[in-house]
Protein chains: 2
Amino acid sequence: MSENVLQDDPFRQIERATVSDAIVDQLRALIAGGTLKPGDRLPSERDLCKRFGVGRTSVREALKPLIAMGLLEGRVGSGTFVAAESGQFQKPLQWGLLGDLQSQDDLVETRHMLETNAAFWAALRAEPENLAAIEATLQGMAANLTNPDEFQEFDANFHFEIARAAQNKMLYRLINVIRGQIQTWIGERLTLAPDQAQSFAHTSLAQHRQIFAAIQAGDSDAARAAMDHHIQTATADLRRITK
Amino acid sequence: MSENVLQDDPFRQIERATVSDAIVDQLRALIAGGTLKPGDRLPSERDLCKRFGVGRTSVREALKPLIAMGLLEGRVGSGTFVAAESGQFQKPLQWGLLGDLQSQDDLVETRHMLETNAAFWAALRAEPENLAAIEATLQGMAANLTNPDEFQEFDANFHFEIARAAQNKMLYRLINVIRGQIQTWIGERLTLAPDQAQSFAHTSLAQHRQIFAAIQAGDSDAARAAMDHHIQTATADLRRITK
DNA sequence: TTTCTAAAATTGGTCTGACCAGCTGGCCAA
DNA sequence: TTGGCCAGCTGGTCAGACCAATTTTAGAAA
């Protein structure tokens, strides 16, 4: 066996501890840097092997964690794709934060805390485009009072846009993650009482408008209070359904 | 080609989409359930292959994500171990929450929000053993006013215990994660100004005592205010160092 | 030409078996 | 007893093969 690999390779860059970690770093940087955008397809595993000059095992072991964290998405027969930004890190955050929660109470309470603060800061920091985005979701809700699914979509986006307007990326991401759980919970409840969905929608829209007004006015305390009231009543209403 | 695949397959148990994901779920459950405790050594990969009845590839691809999330730790020649609980999910959470933050501001702000609320709830929910644990950290700080490292350790634990006393697991975990970053930041600053460490310690201890008093008294608003004041001044003091 | 279909090529998922480089523990010589 | 060595573990990597899902292609049918 002549395994002498004296290549034309005078001095190589220092290698990471493990090959796959080095690949992870590289891919992560490509995604974070925007070279690989959501929806993009990566070269096939066999291609990546050649490009990186490593075995397929290493490539796959690098992709696995990225897939597990929701940065990538593997589809057999089709390829590996960069996941939508909203889904990134969703899974590990869910594992870490929601993995083994005994009750919904922690979740609801934490959400309340995050969102009231988001409203507070949004009132102080919202840029014109943030306000426009929030208002757009209000219009969307108004136009879909009778379509529960659509309405919920705009509802969620309303809270999203407020989180974004708070100009705190970390807060935004936390709300983003928790929202997923909350959304599921809301959906379940509404399915149980479809007849109430419309009345909920009316109440909800009115409260959303109050929140928006406070944010637009730059009144942070009012915004916090309005969001507090909204979440309190909405939570109470939804909880009542099961009983 | 008449590939008629009429097997003797009456009703199969539903299999997970992929083998490795199933293994991930199983291992994750074992860790979350406490069957595998931090520090425990897993069977060797080759053993796991036999036990699960799968190839080594699948086992390794299951371990990889768990290692990447900090739940497991692989040591060549030695084995794979369950990581310390404090380190679990630290990495993905850091990637997800702190990965590409432009400034420390988001971090500090979020921490402020989380901890003030933790103090608030702790005042309402702290059990006797929580109070005892918090008080113990106060004594530890008092006994280590001249040992910066020790003092910081007790300082961190003080905030930890308050988070625990708030009886919200999710909040606790968030603080847990963010604390790591904050701790690093504090350490850096104090190293720059070791002469000020002692005066900081005195101020800090006094404020901690106020917080504890409010929690002990069950005065949630006072506890929140005291924590707010503490974090505000501590942050400002530390920021001043760099300038 | 257009449309539909079936085979071929491609892709991620899995298995096997092999080798490497660290680490462990026990054996043996000094 | 002490010191050093070596065999046998472990995780990390590689190569080649097969599977099933999917896409692409090419040919047949309209």
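Computed from a predicted structure; not experimentally measured.

## Observations regarding the pairing of strand S2 (residues 79-82) of chain A
All names here are of chain A.
1) Next: Residue alternation in S2 divides its side chains into two sets, Gly79 and Phe81 and Thr80 and Val82, and both sets are buried.
2) Next: The sheet contact formed by strand S1 (residues 72-75) and S2 spans 4 bridges and is antiparallel. What sits directly across from Gly74, in S2, is Thr80.
3) Next: Linkage of S1 to S2, two consecutive antiparallel strands, is achieved through a turn of 3 residues, within which Gly77 is found at a positive phi near 80°.

## Here we look at the relation of the copies chain B and chain A
1) Next: Aligned on chain A, chain B shows an RMSD of 0.5 Å; the corresponding rotation is 179° and the shift along the axis is 0.4 Å. Such a combination of rotation and displacement between the chain copies is what one expects of a two-fold axis. Ranked by how close their C-alpha atoms come to the rotation axis, the residues of chain B are headed by Pro65(B), at 2.0 Å.
2) Next: Same-surface contact between copies: 95% of interface residues of chain B are shared with the interface of chain A.

## Things to note about the environment of Thr137(B)
Residues and elements named next belong to chain B.
1) Next: Looking at where Thr137 falls in the secondary structure, it is placed in helix H6 (residues 128-142).
2) Next: Thr137 gets classed as buried once you look at its relative accessible area, which sits at 6%.
3) Next: On a C-alpha basis, the gap between Thr137 and Glu153 in space is 8.9 Å, while along the polypeptide they are 16 residues apart.

## A look at the packing of helix H2 (residues 45-52) of chain B against helix H3 (residues 56-68) of chain B
Residue and element names in this part refer to chain B.
1) Next: With their axes 9 Å apart at the nearest point, H2 and H3 run at an angle of 110° to one another. Classified by the interaxial angle, the pair formed by H2 and H3 is roughly perpendicular. Classified by chirality, the crossing of H3 by H2 is right-handed. On the side of H2, the interface is formed by Glu45, Arg46, Leu48, Cys49 and Phe52, while H3 contributes Arg56, Val59, Arg60 and Leu63.
2) Next: Split by residue class, the contact of H2 with H3 holds 5 nonpolar, no polar and 4 charged.

## Section: the side chain of Asn144(A)
1) Next: Positionally, Asn144(A) belongs in the loop between helix H6 (128-143) and helix H7 (148-165).
2) Next: Aside from chain neighbours lying at most four places away, what touches Asn144(A) is Glu150(A), Phe151(A) and Phe154(A).

## Brief notes about the environment of Glu188(B)
1) Next: Relative to the assigned elements, Glu188(B) resides in helix H8 (residues 169-192).
2) Next: Separated by 50 residues in sequence, Glu188(B) and Leu238(B) place their C-alpha atoms 9.6 Å apart.

## A look at the side chain of Asn168(A)
1) Next: Considering the arrangement of structural elements, one finds Asn168(A) in the loop between H7 and helix H8 (169-192).
2) Next: A polar side-chain atom of Asn168(A) sits 3.0 Å from the main-chain amide nitrogen of Met170(A).
3) Next: Setting aside its immediate chain neighbours within four residues, Asn168(A) contacts Arg125(A), Asp106(B), Glu109(B) and Thr110(B).

## Quick word on the domain arrangement of chain A
It is common to give the size of an interface as the accessible area lost on bringing the parts into contact.
1) Next: You can read the domains of chain A as domain 1 (19-82) and domain 2 (90-241).
2) Next: Taking only C-alpha atoms, the centre of domain 1 of chain A and the centre of domain 2 of chain A are 34 Å apart.

## Brief notes about the protein's contact with DNA strand D
1) Next: Taken together, 22 residues form the shell around DNA strand D, and within it Val19(A), Gly55(A), Thr57(A), Ser58(A) and Arg46(B) come nearest.
2) Next: When atoms of DNA strand D within 4 Å of the protein are sorted by moiety, sugar and phosphate together comprise 63%.
3) Next: Between DNA strand D and Ser44(B), the relevant distance is 3.3 Å, taken from a phosphate oxygen to a side-chain nitrogen or oxygen of the residue.
4) Next: At 3.0 Å, a backbone N or O of Gly77(B) approaches a base oxygen of DNA strand D.
5) Next: Mapped onto the surface near DNA strand D, the elements with two or more residues apiece are helix H1 (19-32) and helix H3 (56-68) of chain A together with H2, H3 and strand S2 (79-82) of chain B.
6) Next: Here the element with the most residues in the surface near DNA strand D is H3(A); it accounts for 3 residues.
7) Next: Residues belonging to the surface near DNA strand D are distributed by class as follows: 4 nonpolar, 10 polar and 8 charged.

Reading the values: the criteria
- Residues numbered from 1 in each chain as written.
- Chains lettered and ligands numbered in written order.
- Predicted model: local features only at pLDDT ≥ 70, side-chain atom pairs only at ≥ 80, totals over all residues.
- Heavy atoms only, no water.
- Buried < 20%, exposed > 50% of the residue type's maximum accessible area, 1.4 Å probe, protein only.
- Helix = DSSP H or I, 4+ residues; strand = E, 2+ residues; numbered from the N terminus.
- Pairing = 2+ DSSP bridges.
- Least-squares fit on C-alpha atoms with pLDDT ≥ 70 in both.
- Contact = heavy atoms within 4.5 Å.
- Axes fitted to C-alpha atoms, helices over the stretch in contact; angles between N-to-C directions.
- Parallel < 35°, antiparallel > 145°, perpendicular 65-115°, else oblique.
- Left-handed = near helix turned anticlockwise from the far one by under 90°.
- Nonpolar A, V, L, I, M, F, W, Y, C, P; charged D, E, K, R; others polar.
- Polar contact = N/O pair within 3.5 Å; in protein donor to acceptor, adjacent residues only side chain to side chain.
- Domains from an automatic or database assignment.
- Near = heavy atom within 4 Å.

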